[in-house]
Amino acid sequence: MKTASFAALLLCTRLLANDCRPCHAAIAETFAKTGMGRSITVRPSVLPATFYHRLSNRHYTIAEGRMKRHQPSPAGAEINVIEKTIDVAIGSGNHSITYATRTPQGRLLELPVSWYSQEKAYFMSPGYDKPDHFDMRREVVESCLFCHSDTPEPAAITCRRCHGDAVAHLARPGRGNIYNPKQSSEVCFQCHLETASMGIVDSMRKPGRSVFSYKPGEPLADYKLYFDRSDPPDGRFEVNHTAYRMMQSACYKKSGGKLGCVTCHDPHSARAREACGSCHQSGHTRSKATGCTGCHMAKRKAQDAIHVRMTDHWIQREPKFVDPVKENHEPYLGNLVPFYTKADELSLAVANVRVPTAASAGLYEEYLERAPDDVPTLTALGKTLIRLDRDREAEARLRRVIELDPMESSARLALAVSIGKQGDLAGALKEMKATVASDPDDSYAWLNLGLTHRELKQFPEAAAAFREAIRLQPDFPVARMALASLPAAK
Ligand code: HEC
Ligand code: HEC
Ligand code: HEC
Ligand code: HEC
Ligand code: HEC
Ligand code: HEC
Ligand code: HEC
């Protein structure tokens, strides 16, 4: 459009702050059809099914907007039953959909069975195809929503995630008063750059930066730093590897970074065009049918989610790979090096902390000087101090975390442990109870509550807590042993 009509301007004053449709109708329409425009569905309709997971011997039933889990008792009865509502669908279903439930306490928990579109079937969610998976206990953390949701409250991605704040633009619609990403890909990297989905500290937000604080247009390095293994294996390929693999291409490295996402993708329709010709004037075409990408950008199975095939964005002469047959989520214990962003010495040292030592506690303390109330660092420091038996210091750090973020239940549990270790069992019990009240799906919290009751010789209460831990997590040998250890246990 060239000029905004008077009618549109009048209408604009009555618009919701973020509505762009009246003036950019064509863009809004195509964007709504992309995977990004449908990245989250609240209260989705879900295909009913039953699913048996052999490795963990669990049955799942999906029906009427709920997911139920049970195990068969030797007599054939349903035991260890848990049932959750399916409140949010993460993923458009272009490749897959992972479901989440909202707890009465306001947490979002990932559900263990996902829909895979290419195979038109349910399988375990990525990372869950093993005997001892998270089942219905794993929180969908805010960093997961940062990439999949428009806001901390689950909602599909909108214009603001690439164009930022539109207040000035809505007040005076026209050019020059709203961020236009033009040829910069950093706005895409905020979500599409990930060196590994699991197994390493792939990135670290700058201390003091909250998850949703990134502003389109600001340098990504001001928001977070990226890291990669020092010996990345050649064939590593994951679901969210577009930017990571693109950056390995000669086309990217040798064009001074001129190759970006928008070179090939229209951001508003997400459609790809082969832009090879803009740099390779005399590119051979050996097959009109597959185009250039058919040979140079193969589609392959992702190692962190083997039921989906994605396009490998590492443009190679002759891509060679073998599709994985098993997911790989192995933790990596080797050294991490900076990737894409430059890390200062201290940040790199913090990313490389593996074991709780006095030295690592010192690193966290130094790092906190940059932002004394940084919740992830305070939590890590508190937990490290407990391992070093510096419980009084740990308690102070963890109390601060709970003041800053009352929902940080792993810190609350650690706080309870630090209090108990100092001999105040009644104080520990109070915090343990607060932990299970805030996160009643955490089997580990129930175990610790039971152990504290046991210390206080409150055996029936201890037994009830251990039983709840086992119901939530049937494969929990420590809880089973603790229950068996009780004098009055039956
Ligand atoms: C009342 C009409 C109106 C509304 C509402 C509106 N815009 Fe615009 N927008 C315009 C006009 C007019 C232009 C200038 C177009 C031109 O010159 O071709 C523009 C231009 C833009 C540009 C390009 C800016 C530049 O400097 O290159 C972007 C990006 C943009 N709009 C995004 C948005 C987003 C995002 C929203 C919703 C938050 C929005 N617009 C809402 C009228 C509107
Ligand atoms: C707020 C996070 C976010 C940002 C910013 C973002 N993406 Fe995405 N993008 C996603 C997610 C999540 C998906 C998968 C959505 C789905 O299908 O559920 C996706 C999917 C896509 C797809 C697949 C096709 C489709 O229909 O969605 C393309 C292409 C794409 N993005 C390109 C881009 C480009 C280019 C940019 C930058 C201009 C960008 N994205 C910025 C999160 C983001
Ligand atoms: C760093 C950003 C990021 C994080 C963190 C992240 N994802 Fe994604 N995820 C993406 C992007 C981008 C895509 C699309 C990849 C593509 O199409 O190349 C995607 C793809 C998916 C898909 C497939 C969607 C489709 O149909 O294409 C699902 C489901 C999914 N992610 C779930 C999750 C869940 C659940 C979490 C948190 C536990 C998570 N993701 C964490 C960025 C992220
Ligand atoms: C995934 C990131 C992303 C999202 C989401 C997004 N845009 Fe854009 N937008 C871009 C990029 C990148 C450009 C620059 C494109 C280019 O230069 O080729 C752009 C350019 C524009 C322009 C200027 C076009 C021109 O001719 O100069 C307008 C207007 C616009 N966007 C409006 C919107 C509206 C309205 C929405 C929401 C319906 C939206 N955008 C959502 C990435 C995005
Ligand atoms: C922004 C410019 C640009 C675009 C767009 C681009 N390339 Fe390249 N490409 C390069 C440069 C520069 C090199 C390195 C040439 C050299 O080594 O002299 C390269 C190298 C290659 C190589 C050799 C790779 C290797 O590892 O030796 C292949 C194959 C290739 N490009 C294919 C493609 C295909 C296919 C497309 C489209 C899908 C494409 N390129 C798009 C700039 C580009
Ligand atoms: C040289 C061209 C080119 C560049 C550069 C490029 N893409 Fe792609 N992209 C493609 C092609 C081709 C496809 C496959 C499209 C299809 O199958 O319809 C694709 C597919 C995708 C998909 C769909 C999921 C998948 O893996 O099949 C996503 C998401 C995506 N690109 C995101 C990005 C992002 C983000 C960037 C920048 C980091 C980027 N792309 C850069 C050409 C490119
Ligand atoms: C049928 C598969 C196939 C198709 C289609 C194809 N290529 Fe290639 N391409 C290859 C192979 C194999 C090589 C490596 C062997 C060689 O150098 O001859 C290669 C090498 C290249 C190289 C690096 C060597 C050189 O010639 O400089 C570039 C650049 C390239 N291709 C670009 C393209 C572009 C651009 C297109 C689309 C117009 C395209 N290719 C289509 C198979 C293909």
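Basis of the calculations
Residues numbered from 1 in each chain as written. Chains lettered and ligands numbered in written order. Predicted model: local features only at pLDDT ≥ 70, side-chain atom pairs only at ≥ 80, totals over all residues. Helix = DSSP H or I, 4+ residues; strand = E, 2+ residues; numbered from the N terminus. Rg over C-alpha atoms; globule rule 2.2 N^0.38 Å. Buried ≥ 20, exposed ≤ 12 C-beta atoms within 10 Å, placed from the backbone. Contact = placed C-beta atoms within 7 Å. Pairing = 2+ DSSP bridges. Axes fitted to C-alpha atoms, helices over the stretch in contact; angles between N-to-C directions. Domains from an automatic or database assignment. Nonpolar A, V, L, I, M, F, W, Y, C, P; charged D, E, K, R; others polar. Near = placed C-beta within 6 Å. Core = buried A, V, L, I, M, F, W, Y, C linked by C-beta atoms within 7 Å.

**Remarks on the overall build of the protein chain**
For step 1, the next point in the chain: When you go through the protein chain residue by residue, the secondary structure sums to 20 helices and 15 strands.
For step 2, the next point in the chain: For a compact globule of 490 residues, the expected C-alpha radius of gyration is about 23 Å, and the protein chain comes in at 25 Å, within 12% of that figure.
For step 3, the next point in the chain: Overall, the C-alpha framework of the protein chain stretches about 80 × 55 × 55 Å when taken along its three principal axes.
For step 4, the next point in the chain: Considering the protein chain as a whole, with its 490 residues, one finds that 34% of them fall into the buried category.
For step 5, the next point in the chain: Look at the contacts in the protein chain between residues 6 or more apart in sequence, and 52% of them connect residues 24 or more apart.

**Let's talk about the sheet that holds strand 11 (residues 203-205)**
For step 1, the next point in the chain: Overall, antiparallel pairing links the 3 strands, which are arranged 11-12-15 in an open sheet. Looking at strand neighbours, the two that pair on one side only are strand 11 and strand 15 (336-339), the edges of this open sheet. Along the sheet, successive strands turn relative to each other by an average axial angle of 35 degrees, direction set aside.
For step 2, the next point in the chain: Bridge analysis of strand 12 (residues 224-229) against strand 15 gives 4 bridges, and the strand direction is antiparallel. Looking at the pairing, arginine 229 lines up with leucine 336 of strand 15.

**Things to note about the domain arrangement of the protein chain**
When the parts of a complex come together, some accessible area is lost, and that lost area is often taken as the interface size.
For step 1, the next point in the chain: Entries for the protein chain in the domain assignment read domain 1 (40-148) and domain 2 (345-484).
For step 2, the next point in the chain: Placing the centre of domain 1 and that of domain 2 at their C-alpha centroids yields a distance of 27 Å.
For step 3, the next point in the chain: Tallying the contact residues gives 12 residues for domain 1 and 10 residues for domain 2.
For step 4, the next point in the chain: Its residues placed into classes, the side of domain 1 that touches domain 2 shows 3 nonpolar, 5 polar and 4 charged.

**Comments concerning the pairing of strand 2 (residues 49-53)**
For step 1, the next point in the chain: Sheet topology note: the strand 2/strand 3 (residues 58-63) ladder contains 5 bridges and is antiparallel. Looking at strand 3, one finds that tyrosine 52 is bridged to histidine 59.
For step 2, the next point in the chain: Hairpin connection between strand 2 and strand 3: a loop of 4 residues separates the two successive antiparallel strands, and asparagine 57 in this loop has a positive phi of roughly 50 degrees.

**Some words on the site of ligand 3**
For step 1, the next point in the chain: Among the 23 residues in the neighbourhood of ligand 3, the closest are listed as Gly91, Asn94, His95, Cys144 and Cys147.
For step 2, the next point in the chain: Elements that contribute at least two residues to the shell around ligand 3 include exactly strand 7 (96-102), helix 3 (142-148) and helix 6 (186-192).
For step 3, the next point in the chain: Tallying contributions element by element places helix 3 first for the shell around ligand 3, with 4 residues.
For step 4, the next point in the chain: Class assignment of the residues belonging to the shell around ligand 3 gives a composition of 8 nonpolar, 13 polar and 2 charged.

**Considerations on the sheet that holds strand 4 (residues 66-72)**
For step 1, the next point in the chain: Pairing is antiparallel across the open sheet formed by 4 strands, whose spatial order is 2-3-4-5. This sheet does not close on itself; its edge strands, each paired only once, are strand 2 and strand 5 (78-85). For this sheet, the mean angle separating the axes of adjacent strands, direction not counted, is 15 degrees.

**Some thoughts on the nonpolar core**
For step 1, the next point in the chain: Trp446, Phe466, Ala469 and Ala479 are the most contacted members of the largest nonpolar core, which has 58 residues in total.
For step 2, the next point in the chain: Setting aside residues no more than four positions away along its own chain, tryptophan 446 makes contact with Val436, Ala465, Glu468, Ala469 and Leu472.
For step 3, the next point in the chain: If you look at the next biggest cluster of nonpolar residues, it comprises 19 residues, including Tyr60, Tyr99, Leu108 and Val140.

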